[in-house]
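# Architecture at a glance
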Amino acid sequence: MKYGYFNNERKEYVITNPKTPVKWTNYIGGLDFGGLIDQTGGALLCKGDPALNRIVKYIPQLPASELKGETLYIRIKKNNEYVVFSPFYVPTLTPYDYYECRVGNGYSIITSEILGIRTEVTIFVPMDSQREIRDIKVTNISGEAIEMDIIPFVEYTHFEAMKQFNNADWVPQTMQSQCINEADGKRVIKQFAFMRKDTNVNYFTSNYPIASFETDRKIFLGDNGYGTFMKPLSLFQEELSNYEALREDNIVAALHKMGQLEPNETKRIITQLGQYTDFDYEMTEIEKYRDEKCVDEAFIKLENHWNNYLSKFQVKTPDEDFNTLVNIHNPKQCMTTKNWSRFLSLYQLGLGVRGIGFRDTSQDLIGIMGLCADESTEMIGKLLSIQRRNGCAMHQFYPLTMEATKGESGEMENRDDFYGDDHLWIVQTVCEYLKESANYDLLNKVVPFYEKDSKDKPLEEATILEHLKRAIEFTHDNKGRHGIPLLGFADWNDCVNLPKTAESIFNANLYGKALLEMMELMTHLGDEEIVNKYKDYYDEMKIAVNENCWDGEWYLRYFDHEGKPLGSKVNEAGMIYTNAQSWTIMSGFADEQRATQSLESLNKYLNTKNGIKLSYPGYNGFDPNLGGVSTYPPGAKENGGIFLHSNPWVIIAETLVGNGDRAFQYYQQINPILKNDNIDEFEVEPYVFPQNILGDEHPQFGLGRNSWLSGTASWVYQAATKYIMGVRADYDGLIIDPCIPKAWDEVSIIKEFKNATYNITIKNPNHISKGISRMEIDGKEVDTNKAPIFADGLVHNIVAYMG
Ligand code: IFM
């Protein structure tokens, strides 16, 4: 079954059936103000932190048919009786003649035709103003005059999201609403929790007179609270009660009387949902956004912003689905994960367990580096400010307070260990930034380490370069009995939690990759001494990996606390792991023969038509010595599921050994666009990567979950742009080193790089996968496949011939 289609001209996905298998969402605004919108108009909004300052009550676990956060009711009079429906289908479930939800960049537009009314609602947050705009246009298409009322609806949550659910005494006592009447019938309806009434005041308003309103859910639903959102009884009375809630479940329902709409007549109402600390300032902004022209301009500005972002890297290949993903939806997902980390989605509920992750965000930042590198610097500084003096890092932080924790959900707080990988990721992030931007000043920026001797006095601070060096030294100093870095609580695979002293081959490879990056950087900066030191570290680790971790046909993944291998043919479950193969190639530790052999083994044991599994066979039952991984059934998530984040690493590894056909095959296996025409098995949105797909050991093989916020976005984008297309920024130029399917004749790429446009055509007359035999820049032959830095604001034409 199919629920929609891609509209590339508008850079949208258009959902044509509201009854998607699970809610399909989109993001508006950012963490400073914004959240997610589902295809039936539900919204989850917050300001600054979804755990500490949440605005709207969205409970994803409720049935799909239930109201979630926000909706819109329309009331018409027929034969002197009210008929009430929602143009979003949910929560009234009124049959529709037409429905579409256009999932755009930073906006959603829901259009429907129900009972002779065409409604179009554009939902977005302006670029430079913190408010959710719902721009509602209603048209009477019934052919006869209709009397109509419009009732936007919001259900608030307590700003402390967890308290809303676990304290049903304090929360209801503190929630209050008030109405401010303005001169011309317009109103601002305020909502707050008593203790925050001067700092976090939510409000709803519109550009139209509000005839009457309701702020108490029980009264709104009617029948002493036994009414439903499907048929709120108060909407069958002429007016709402104008009750200003003193406690309990606060909502706002604002009755706008539109009067009689003649056939084909359209009316437009613009609502605003926001939060203010300074009422006077906010009123001037509210007035601004009551103006239709201002809203139109804000929408165009948002569109231009996204178009500009996407224009920085565009490809044209013979494969349209590849082009669509690389040019539109994948970079959009990169920006979204960069903005939200794992903080707020339908799966990561933003209730305070997960904040901004050191590991996750370091990787997410790389995803936007080629498009808007400078948007990463503030976050790089924040991440490094939770690095510890000894070089390892706190696992995550909460941006409003900058409080950091060692792990998620406090499981690590009383342990003296660390995540063995976190600190190493940021080395790649900073190096990618420098290659794309050439802003070497960043390395001299001084950032404190996390340990402090008093609340506001940092004990030690150092330059970013020094932070990176500490990261390297931490791993260098924390190795196990085989000379392999310690696992700590976990490495990238959060769920394999082996007892202390276990070693991680993933960490060995990540360390190897970080050393390669540091050697390149320090060579560029001319510090030979440190390059030599890192070369020794690198060689030492390469030997340790190859002497201890080769299992005959593939690389091992871990040594446990007793020195026994995991990811070996001696293991009944967890015999082979994907990351041990891909990363041993990405680190440069595997020689050609081992690289080829391990990729063959990976293909044999781990590949499926829906993507590459993380390991095989799955563990079948809980084992405290393995930890989280064994809590899942075989084939799910990290226990042998198709964990998409690790698929692009294999794609990159395949390009590094020159296998363009297989790299592309692996890419297309997970390309969500290709699921569109038959999506009932996959279930989640076809326009973003989910985090996981159930593997073939699970009866529901092919089912996707945890869409949107996943490191998959950043790494698939890197795999496509830097390795399949092969266009990679370097310190002194732009490398052109594609690895494409042999069948492709030609591809072209436009990349903005350091204040110039590189207009690249790659020709493949001999139908090979890899290797540039000659290149011309602006018509002149050059003897390299690296284009120089032009930095002249001009367009440069490059033609590269494969051969
Ligand atoms: O690497 C982790 C990530 O930090 C959070 N999601 C799961 C991944 C794999 O365990």
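Keep in mind that what you see is a predicted model, and the values were worked out from it rather than measured.

### Focus on the sheet that holds strand E41 (residues 772-777)
Spatially, 6 strands are ordered E19-E39-E40-E44-E41-E42 in an open sheet, and the strand pairing comes out mixed. Each edge of the open sheet carries a strand with a single partner, namely strand E19 (313-316) and strand E42 (780-782). Across this sheet, the average inter-strand angle for adjacent strands is 20°, counted without regard to direction.

### Digging into the site of the ligand
Surrounding the ligand, one finds Arg354, Arg359, Asp360, Trp492, Asn493, Asp494, Glu638, Phe643 and Gln691. The contact in question runs from an oxygen atom of the ligand to an N or O atom on the backbone of Trp492, over 2.6 Å. In terms of residue class, the shell around the ligand is made up of 2 nonpolar, 2 polar and 5 charged.

### Describing helix H14 (residues 592-606)
End to end, H14 covers 20 Å across 15 residues, agreeing with the expected 21 Å (1.5 Å per residue, within 8%). When H14 is considered as a whole, its buried residues turn out to be Arg594, Ala595, Ser598, Leu599, Ser601, Leu602 and Leu606. Along the long axis of H14, the arc covered by the buried residues comes to 160°, so they all point the same way. In H14, the exposed positions angled more than 90 degrees off the buried face are occupied by Glu592, Gln593 and Lys604.

### Looking at the UniProt feature "domain: Glycosyl hydrolase 94 supersandwich" (unreviewed entry) in the chain
Following the UniProt record, the feature "domain: Glycosyl hydrolase 94 supersandwich" (unreviewed entry) maps to residues 11-291 here. What you have in residues 11-291 is 10% helix and 44% strand, and the ends, taken at the C-alpha atoms, are 27 Å apart.

### Brief notes about the packing of helix H7 (residues 358-372) against helix H9 (residues 422-437)
Working note: a packed helix pair is described by the angle between its axes plus the distance between those axes. For the pair H7 and H9, the least separation of the axes is 8 Å and the interaxial angle reads 15°. With respect to each other, H7 and H9 are oriented roughly parallel. In this structure, H7 meets H9 at a crossing whose hand is left-handed. Across the interface between the two elements, Phe358, Arg359, Ser362, Gln363, Leu365, Ile366, Met369 and Gly370 of H7 pack against Asp422, His423, Trp425, Ile426, Gln428, Thr429, Glu432, Tyr433 and Glu436 of H9. Taken together, the residues of the contact of H7 with H9 sort by class into 7 nonpolar, 6 polar and 4 charged.

### Re the pairing of strand E6 (residues 70-78)
Along E6, 7 of the 9 residues are buried, which leaves the element largely enclosed by surrounding structure. Sheet topology places E6 next to strand E12 (residues 146-155); 7 bridges connect them, and they run antiparallel. Residue pairing across strands places Thr71 opposite Phe153, the latter belonging to E12. The pairing of E6 with strand E7 (residues 81-85) spans 5 bridges and is antiparallel. When the sheet's bridge partners are listed, Arg75 is paired in E7 with Val84.

### Let's talk about the sheet that holds strand E38 (residues 733-736)
Ordered by their spatial adjacency, 3 strands build an open sheet running E37-E38-E43, and the pairing between neighbours is antiparallel. Every other strand in the sheet has two partners, leaving strand E37 (727-730) and strand E43 (786-787) as the edge strands with one partner each. In this structure, E37 lies alongside E38, joined through 4 bridges in antiparallel fashion. Note that in E38 the partner of Val727 across the bridge is Ile736.

Basis of the calculations
- Residues numbered from 1 in each chain as written.
- Predicted model: local features only at pLDDT ≥ 70, side-chain atom pairs only at ≥ 80, totals over all residues.
- Heavy atoms only, no water.
- Pairing = 2+ DSSP bridges.
- Helix = DSSP H or I, 4+ residues; strand = E, 2+ residues; numbered from the N terminus.
- Axes fitted to C-alpha atoms, helices over the stretch in contact; angles between N-to-C directions.
- Near = heavy atom within 4 Å.
- Polar contact = N/O pair within 3.5 Å; in protein donor to acceptor, adjacent residues only side chain to side chain.
- Nonpolar A, V, L, I, M, F, W, Y, C, P; charged D, E, K, R; others polar.
- Expected span 1.5 Å × (residues − 1).
- Buried < 20%, exposed > 50% of the residue type's maximum accessible area, 1.4 Å probe, protein only.
- Arc of directions from axis to C-beta.
- UniProt positions renumbered as here; feature names shortened; annotations may be inferred.
- Parallel < 35°, antiparallel > 145°, perpendicular 65-115°, else oblique.
- Left-handed = near helix turned anticlockwise from the far one by under 90°.
- Contact = heavy atoms within 4.5 Å.

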